[in-house]
Structures are given as C-alpha cells and as structure tokens.
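The chain contents come next:
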Amino acid sequence: MIDVRNMTKKYGKLAANDNINLSVGRGELAVLLGPNGAGKSTLIKSVCGLLRFQGAITIDGHENHTVEAKRLLGYVPEFPVLYPMLTVAEHLEFIAKAYRLEAWEEKGEALLRRFELDDKKMKLGKELSKGMQQKVSVCCALLPQPKAVIMDEPLVGLDPHGIRELKAVIAKLRDSGCALLVSTHMIESVEEDWDVTYIMVKGRIARVCRRTDLAAGQSLEDVYFTITEGKGQEDKP
Amino acid sequence: MNSLVFLLVKSAKNTLLELRRKPAKLALWVLVIAGIGGIFLLSLFTRQSAAGSLDLVWLKGILFLLILLFVVLAIQKGLANGDAIFDMNDVNLLFVSPVSSRLILMYGIVRMAKTAFLAGFFILFQSNSLSTGFGVGFDAVLLVLLGFMLAVGVLQILSLLIYSLTNGKPGRKLVVRILAVAAFLPLLVYTGVQIAGTGALLPALENTLRSPLTDWTPVAGWASAGAVSLISGDTGSGFLFFGLLVLSGALLVLYIALSNPDYYEDVLVATETAFERKRVLAEGQINPEASSAKKVKVVKTGIGGLGPSAIFYKHLRESFRANRLGLWGVSSVILVLGAALFSLFQRGGDGRILILLQILMWMQIFMIGTGRGLKELYIHYLYLIPESSFQKIVWSNLEIVFKVLVESLVVFGIAGLIMEEPLWLVAEAIAVYTLFSFLLLGINYLSLRWTGADISAGLLVFIYTIAVIVIMLPGLIAATVLGSMVEGTGVLIGLGVLALWELLAAVGCFALSKGVLHNSDMPVLRTGK
C-alpha cells in the first residue's frame, strides 16, 4: 500500500534521507524507530507529499502527489497545528467538506467520543491544550477513513486515556486492513502490535526487522539498541 | 572575565561567525548595510536641492503618534504579563546561577538595546521620505532613530515595572490605567479646545503640536520634541528632552533593582510567553490568533462549500469570528483612516492620489502575506486535500482578493473625494492597486516554486522583494514611456498600461508556479535563537 523506492531527500549537501526503500502492506503496522535527527520526520513528510524528494513514493500504486493517493492517505503530524478560530466540530466539518465525505457526522461523533472530545465540540482550536489538539488532529486524519495512515510521534502529549485509545485505534485500523506507518520514540507503546520495524540511523535504514525475525526472549528494544549503539549491520529491505 | 560580559561578547562574536557559515544571511546583511550606506550617500547629494514642503512640527506629530502606539502597547503588556527582556536560556541558566540578580537585570537591559534598535530599523530607510517631506538629511534620520530607541528602551523597562507592581492586583491595574489616561488627558483636552476654537482639524493639530503640552507629555512628547529640537538646531531643548528620557529610564531601573531584587518571578511569565510563541511558530502555527488572549464568543458555526471551496468558506468563518468586520479588520480601518488623513494633507494638488497609490503599493508588498491563503501553505491540510492544486490555491486566496478589492474601493473612493480627483483617475488607481495585489500573490507562489521553499524565510522574503521589483519594472517603463507620449491623457494611458501589465504578469506568475504544492517543501518558519 505504501511504497517508497530509492528515496533521497537532501538539504543542501546534507542527505536527511539517503536511498530509502520501505514498504507497508495492507493490514500491516510498520514502525519507524531511530534517534533524534535520524530522518524519520523527513521520511514521513516526504511520503505525505509535503517535501520534495528524489525517487518514487506511491500509495496503492498512485504517485503520492496525485488526488487518488491523497484520497487514501491520513496523516497525523508531529506537532498538531489546528486552526485557532475554528471549533473542534468545525475542524471535522471542514475535513468532511473538503474531502467531499457523505454521512460523516456519525463517524465524527464516534471519533470525538472515543477521544473524550464530545464535550469540547464548541471549543476553539486555540483554547485546547496540546494533548487535546493532538486528539483533534488524529480525528481529522481518521475521519475520511483512509486506507494508509501515517503518524509522526502520535502519542507525544496525549494523556494515559488518549494513549490507550490511540493504541486501540491503531490496532483496529490494522485489523481492518489499513496500512500504518508510525514513527515513535516510545518503543514499548508499539511492542504489542508491530509487524515490521525500520530502524533509521543518520538518514539511512540501518535495519529492517520483522516480528518473526526476533529471537526467543529478544525484544524490539534490544534490536533497537544493538543497531543504534553501532553493533548492528545494515540490512536492505 | 565576568560571566555576563563573557555572554554578551561571546554571543556577539558567534553571531558574526554564524554569518560566515550562512552566506545567504551574510549577503542579506551586506545588502541592508549597503542600502543604508547608499541612502546616506544619496542624502548627501540631494540634501541641498530637497526643499521640504512640510513644517518640522508635522515630523514631531508623526514621531509622537508612532511612539504613542508603543506607549499603549507597553502599558497593555505591563498589565498583561510584562515585556520580555530575557530569553528562556537566561531563565534556565542565568537565573539559577550564583550571579547577582541586579547584575543580571543590567545584562537584560543592555541586550534590550538591540531590540530597541531593531524595532526602529525601518526608520533608517525613511531618509528619502523625510528629505522630500521635510527637507532634512540623514543626520535627522539618525536623530529620529535615537529618539525612537530611547523611548522604546524606557517603555520596555516601564512595562516590566508595571507588571511587577500590578501583577495579581486589580486595584493597582486600575490605578495604572487611570494614570495612563491622565498623562495624555491635558493634551487631549487642549486638542479639543483647539478644534472648537479654530473650527478646522489641521490648524488645531498644528497648534497642539506647537504647544509645550505636547513636548512635556511623557515619553512620546519627550522623544519627539527632543529629536525635532535637535534637528532644528535647538540643542538645549534637544538634550533636555533626551536627558529626561535617559533619566527616567535610569530611575525606573534603579527602582526595580533596589525595591525588588527578586524580580525573577515578574519576568518569568513574559519570557515563557515569548518562548511559547516562538515554539508554536516553529511548529507551524503562524496564525497570530493562536497566541492571542482575546476572548472569542462562538455564535454562528458551520463551514460551507464542498471540495476546494470549503477552504474559502473556512476562511470566512475564521475571519468573521476573529473580528466583527470579517475580512476587514483593524488593519483595514487603520488603512482607510491613514489614507484619509494623508489625503487631507495632500489636498489641493493635481494627481496627488498617485502618491497615495505608490505608498500603498509599497506597503502591500509586505501586507499581502497577512492573507489566510498564503498562511495555509504552512499547514499540512492544504497539501493533503484530494483536489486539484490549482483549485485549492484559487479558493485559498479568494478571501484576500475580496478584501483588497473592497479596501481599494473604499480607500481610493474616500481619498478621491477628499482630494477632488477625477473619477477615471480614482477608478484606475483602484484597478492598479487591486491587480498589483493579485500580481503579488502570483509572485509569492512563483518565489516558492522557484526556490522550492528550501531556504530561510528571510532570504525568501528578499528573493520575493527583488522579484516584485524586476517583474514590475517593464510595466513601469512601458507605462512611463507610453504615458509621456500622449499629452493630456498621458496619466490615464500610463495607469491603464500598468494595470494591464500587472494582470498579464500575474497570470504569467500563476502559470509558471503551476504545481507549486508538489514542487516545493512545505515552508517552515525558522524563528532563530
């Protein structure tokens, strides 16, 4: 569903992403791990069509800048940016109108209820705490029922309830056949559900690890530290 | 070396060294300095011939009003959360260090001078206007800048003191408000009496500006009277008023340092607020409404439109919620009032509306960025909406097009009436101004498309400004040449040619920036240190 081929993103001479190859299938949760500055956010923004790059990125076979690809894509950015003068309900309404969604109201209500925002519908974007803004951002991304969801540090700023609900939503999306690419520093938060992990170091994918690759008793955290502390070897996906 | 001196010297040194690593920033500074130098040289040659048409008393009035604006802002800030004279790194590292809090306050005030200078930087570029308007040279510009910097410096300390004295004390806040009004009340009453006496606005304003009441009005009066006295050669009065500013600043600092050595708590809120503002900007929230403390009442709700048109209806909802006048906020009111005031001064001459047009076009180069359409580029939703890029851009900018069209109708309509300009001239001024705004939008997108937005915001603004000049030049030359070839209706033809060029150039810019949403990085506002 999400396919990244020989993707390179440079800022001047610095290669923030260097020849990245990555793919996430339907019903698969791919996790992007890596230390600060590894290039995870750059990769995610490039996949969402927010940055220029060299190489090819497709969503269900459609080049990522096409209208068809955008229709399939949901994105939760690292920093939730809401419209300060729109209410929570209007954010969902705006997405619904802009995406030409039909009968979206019930779905919107359910999302708001799930993230305990149903009593905040009339609150303006600027009146919300960062955690609340993150929840609205998640609701906006999920309202069009995308088939490929990309999340950049989605758990940062959420309260324990929000974290639990988002983890449940991620699991449900995966079970319903959605392709998920999630970047996070909180390894333990994805430990239960991940299918494939891409560990990035200095703009490159240093290791691709499938759940089946783990040795008995080995955790994702063990793999991560082995790679990031320089003991791992490069593995082409 | 004293730790605070080390910090100041090291920061200044590193700022210079940074320029070596960032050639674009260095080029920008070189150009700015060259520009100021060029203006200085130009003023040396043109000074003798520049016979100013306006009395210096009006310069005093303009400076007074400008500083008055800063006085109001300083009092408002003081009553809210004070002025930020420190950064978060000062709070985190200096405030907890074993360095005297009084010395740290001095350090903050020394650094504050830089802020005051930057706030008045635009004054350096007013040499030509001051020379044409008042027949003064570059030395006068420096004196105006000095007066402005002194006033801003005093106001920053005043703001800090107001916060320190009134924080959490509504009674004291009321006293400050009453004192603030009382300081300007005599002048207000005097102006009223003058208007009633003379029956005309301009003579009344002139009498007020010439009265000692204006000169002795705190901060705004002292700074404006000091600068204008020195410009007109009255050094005694000049030094007296500037001395008053320095003395009052020193007394305020002394009061804070002696009375409240534990002022850290008082500056913390302002510093944290300023830091939070920068952080939010860096995270992509460039909408100033996000950090506004203004209470907004949600009455009507809902978003109209479908597909890309939803962006336009969203803008309408946001604008009408942000202020009652909707698309036309306080800035539009100031624009109309300013243009009307300018027209009053310029009444009587032929074609004076063209001077207004020229000024507004210069302002519009930088004001166009305040539209919601260009701000959308900093938020991901615009890129992700599954619709054609072209349609998204068109609907996204419809709001600013409406705003400018109505603004220009009102501004030039009123100006035309006051200046008694012919209807065709007013109509052409409206067309030139509106189409110029349309062109500016096109150039904005073209600059983004060409640079890929992979550069700093400062450099992007620089490239955009150069692009505006380069693109407008052929139109201006054609308008001047064709206009001068025909007697009588030359201005009509010249403006018509200019409007046509703006339209063609705008269409060209939009066509060349096709696919801008796919071919440039989503811009990020880098807020620096």
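Residues numbered from 1 in each chain as written. Chains lettered and ligands numbered in written order. Predicted model: local features only at pLDDT ≥ 70, side-chain atom pairs only at ≥ 80, totals over all residues. Heavy atoms only, no water.

Trainee: Kindly report on the overall build of chain B, identifying the contributing residues and their values.
Mentor: Counting secondary structure elements, chain B contains 23 helices and 0 strands. Computed over C-alpha atoms, the radius of gyration of chain B comes to 25 Å, within 12% of the 24 Å expected from 2.2 N^0.38 for 529 residues, which places it in the range of a compact globule. Counting only C-alpha atoms and orienting by the principal axes, one finds that chain B spans roughly 70 × 60 × 55 Å. Within the span of chain B, comprising 529 residues, buried residues form 46% of the whole. (Helix = DSSP H or I, 4+ residues; strand = E, 2+ residues; numbered from the N terminus. Rg over C-alpha atoms; globule rule 2.2 N^0.38 Å. Buried < 20%, exposed > 50% of the residue type's maximum accessible area, 1.4 Å probe, protein only.)

Trainee: Residue-level account of the overall build of chain A, with values.
Mentor: When helices and strands are tallied, chain A shows 8 helices and 10 strands. A compact globule built from 237 residues would reach a C-alpha radius of gyration of about 18 Å, and chain A, at 18 Å, matches this within 12%. Referenced to the eigenvectors of the C-alpha coordinate spread, the extents of chain A come out at roughly 50 × 40 × 30 Å. The burial tally for chain A puts 56% of its 237 residues in the buried class. In chain A, 68% of the contacts between residues at least 6 apart in sequence involve partners at least 24 apart. On chain A, the mean spot of the 33 positive side-chain charges and the mean spot of the 33 negative ones are 5 Å from each other. (Contact = heavy atoms within 4.5 Å. Lys, Arg positive; Asp, Glu negative; His and termini not counted. Charge placed at Lys NZ, Arg CZ, Asp CG, Glu CD.)

Trainee: How would you explain the sheet that holds strand E10 (residues 204-210) of chain A if you had to name every residue and give the values?
Mentor: Residue and element names in this part refer to chain A. Spatial strand order, E6-E7-E8-E3-E9-E10: 6 strands in an open sheet with mixed pairing. In the strand order of this sheet, the two ends are held by strand E6 (73-76) and E10, each with one partner. Neighbouring strand axes in the sheet, compared pairwise and without regard to direction, differ in orientation by 15° on average. Note that strand E3 (residues 29-33) and strand E9 (residues 196-201) share 4 bridges and pair parallel. Opposite Ala-30, over in E9, you have Val-196 as the bridge partner. (Pairing = 2+ DSSP bridges. Axes fitted to C-alpha atoms, helices over the stretch in contact; angles between N-to-C directions.)

Trainee: Give a detailed account of unusual backbone geometry, specifying residues and quantitative values.
Mentor: One non-glycine residue, Asp60(A), lies in the positive phi region at around 50°. Relative to the elements of secondary structure, Asp60(A) occurs in the loop between strand E4 (54-59) and strand E5 (62-63). Of the residues examined, Asp60(A) reaches a relative accessible area of 32% and is grouped as partly exposed. Phi is positive for Glu420(B), close to 55°, though the residue is something other than glycine. Counting through the fold element by element, Glu420(B) comes out in the loop between helix H19 (389-419) and helix H20 (423-451). According to the relative accessible area criterion, Glu420(B) is exposed, its value standing at 67%.

Trainee: Go over the interface of chain B and chain A with me, naming the residues and quoting the values.
Mentor: Contacts between the two partners involve 48 residues from chain B, matched on the other side by 39 residues from chain A. When chain B packs against chain A, the two sides together hide about 3900 Å² of surface, and 61% of this comes from carbon and sulfur. Summed over the three residues of chain B that lose the most area to chain A, namely Tyr381(B), Leu384(B) and Pro386(B), the buried surface amounts to 19% of that side. Linking chain B to chain A there are 5 salt bridges. A salt bridge links Glu90(A) to Arg317(B), with the shortest nitrogen-to-oxygen separation between them at 3.7 Å. Connecting chain B to chain A are 14 residue pairs in polar contact (both at pLDDT 80 or more). The element contributing the most residues to the side of chain B that touches chain A is helix H14 (residues 309-322) of chain B, with 7 residues. Tallied by class, residues from the side of chain B that touches chain A come to 18 nonpolar, 16 polar and 14 charged. (Buried area = accessible area lost by both parts, 1.4 Å probe. Salt bridge = Lys/Arg side-chain N within 4 Å of Asp/Glu carboxyl O. Polar contact = N/O pair within 3.5 Å; in protein donor to acceptor, adjacent residues only side chain to side chain. Nonpolar A, V, L, I, M, F, W, Y, C, P; charged D, E, K, R; others polar.)

Read these as spatial facts, not as claims about activity.
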